[in-house]
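Each chain, written out:
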Amino acid sequence: MSKTIVLTGAGGVICSTLASALAKQGHKVAVLDLRKDAADKVAESIKKEGGKAIGVAANVLEKESLIQAKKEVNDAFGKCDILVNGAGGNHPLGTTSNPYLVAEDLMNKDEGFKTFFDLDANGIQFVFNLNFIGTLLPTQVFAMDMVGREGCSVLNISSMNAFTPLTKIPAYSGAKAAVSNFTQWLAVHFSKVGIRVNALAPGFFLTDQNRTLLTKEDGSLTPRGNQIIDQTPMGRFGEPEDLVGTTLWLCGEGASFVTGVVIPIDGGFAAYSGV
Ligand code: NAD
């Protein structure tokens, strides 16, 4: 059955791939993004392939913007059946320069060098807001359409760093842990009104955000890139397409008794102790 599916952050790498895969199943997809041009581009390419899509400007941190976006979606496609909360990410202001603190670091006056003690509360807050509030607000706005209807669900995007934090990125790891926790909380809260709530926990996907951290200009791996591949039993980075199967399953009838789960899609990274 054709559903109306809203995806936030869908001008980006991962959710544009999910939007296109969902449209290929015959669903009507609303591609929401802060960058309207990126949202429109994704919607146009879906339409070119014969799918039904609209690009909609929306800021996941502003309720008014989301309410306006919902009006556009409702006018074009009717009530929202499924929400994919994809907007999210890290910020350099919530990131330390080194994985471990050593005493000499406290003497390092290099421009931009940051220990734990230099982390900026505004930077941390930006990352928490984008990932956590940016999941909560769209759910408040779009899940209203789902209450008491059949086959509705919310799919959040957490991260494998929610299970065990990654070095250097305390804000992003903590924010995604909050998204995983919220996924369970909301699954219970919505259980009596027929809305399932689940999350994907992607491992390392090579995207524009992390390409320079993980690969050099010639395409070879940086030390951090190598470390990741060494810790990934399946020996490669993820591709956005690796998330499609689980997304279709969690959004479909096959998962009708599945709620409150956070599924790692990480080539075994979270399961591997390193030995
Ligand atoms: P991306 O940067 O390609 O896409 C994110 C999109 O969100 C961008 O198009 C951006 O314009 C949009 N956005 C940013 N702020 C917004 C706001 N306030 N309102 C609306 N839209 C906003 O990133 P991606 O790699 O596709 O990541 C998608 C999701 O997957 C994120 O939640 C990310 O944290 C998560 N994730 C990514 C990886 C990875 O390796 N890439 C791993 C685990 C989890």
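Residue positions are given per chain, counted from 1 along the sequence in the order it is written. In keeping with the model being predicted, local features are shown solely for residues with a pLDDT of at least 70 and side-chain atom pairs are shown and tallied solely at 80 or more, while totals for entire chains, interfaces and linings include all residues. The basis for the side-chain values is all heavy atoms of the structure; hydrogens and waters are excluded.

Asker: Quick question: what am I supposed to make of the overall build of the chain here?
Answerer: If you tally the helices and strands in the chain, you get eight helices and seven strands. For a compact globule the rule gives 2.2 Å times the number of residues to the power 0.38, and the radius of gyration it is set against comes from C-alpha atoms. A compact globule built from 275 residues would reach a C-alpha radius of gyration of about 19 Å, and the chain, at 19 Å, matches this within 12%. When its C-alpha atoms are laid out on the principal axes, the chain stretches across 60 × 40 × 40 Å. Type-normalised accessible area, obtained with a 1.4 Å probe on protein chains alone, sets the label of each residue: buried when under 20%, exposed when over 50%, and partly exposed for intermediate values. Counting every position in the chain, which comprises 275 residues, the buried fraction comes to 50%. Contacts are residue-level and defined by heavy atoms, with any inter-residue pair within 4.5 Å sufficient. Nonlocal contacts in the chain, meaning residues at least 24 apart in sequence, comprise 70% of its contacts between residues at least 6 apart. Computed with the Shrake-Rupley method and a 1.4 Å probe, the accessible areas treat only the protein chains shown as cover for residues. Element-wise, carbon and sulfur atoms account for 56% of the exposed surface of the chain, whose accessible area totals about 13800 Å². Helix and strand labels come from DSSP, where a helix needs a run of H or I of at least four residues and a strand needs a run of E of at least two; each type is numbered from the N terminus.

Asker: Help me understand helix H5 (residues 170–189) in this model?
Answerer: The end-to-end C-alpha separation of H5 is 28 Å, in line with the 28 Å expected for 20 residues at 1.5 Å each. Within H5 the residues assigned to the buried category are Ala171, Tyr172, Ser173, Ala175, Lys176, Val179, Ser180, Phe182, Thr183, Leu186 and Ala187. Residues of H5 that are buried in the fold lie against helix H4 (121–142), strand E5 (152–157), strand E6 (195–202) and strand E7 (262–265). Expected helix span is computed as 1.5 Å times (number of residues minus one).

Asker: Would you mind showing me how to read the pattern of salt bridges here?
Answerer: Two side chains with opposite charge may pair up if their charged atoms get near one another. The working definition used for a salt bridge is a side-chain nitrogen of Lys or Arg within 4 Å of a carboxyl oxygen of Asp or Glu. Evaluation of the coordinates by the stated rule reveals eight salt bridges. Measuring nitrogen to oxygen at the nearest pair gives 3.0 Å for the salt bridge that ties lysine 70 to aspartate 145. Within this pair, whereas lysine 70 is found in helix H3 (residues 63–77), its partner aspartate 145 is found in the loop between H4 and E5, the two being separated by 75 residues in sequence. Assigned by exposure class, lysine 70 and aspartate 145 land together as buried. The salt bridge involving aspartate 81 is made with arginine 149; its shortest N-O contact spans 2.6 Å.

Asker: Is there a simple way to think about unusual backbone geometry in this case?
Answerer: Unusually for a residue other than glycine, lysine 168 sits at a positive phi of about 75°. Turning to its location among the elements, lysine 168 is positioned in the loop between E5 and H5.

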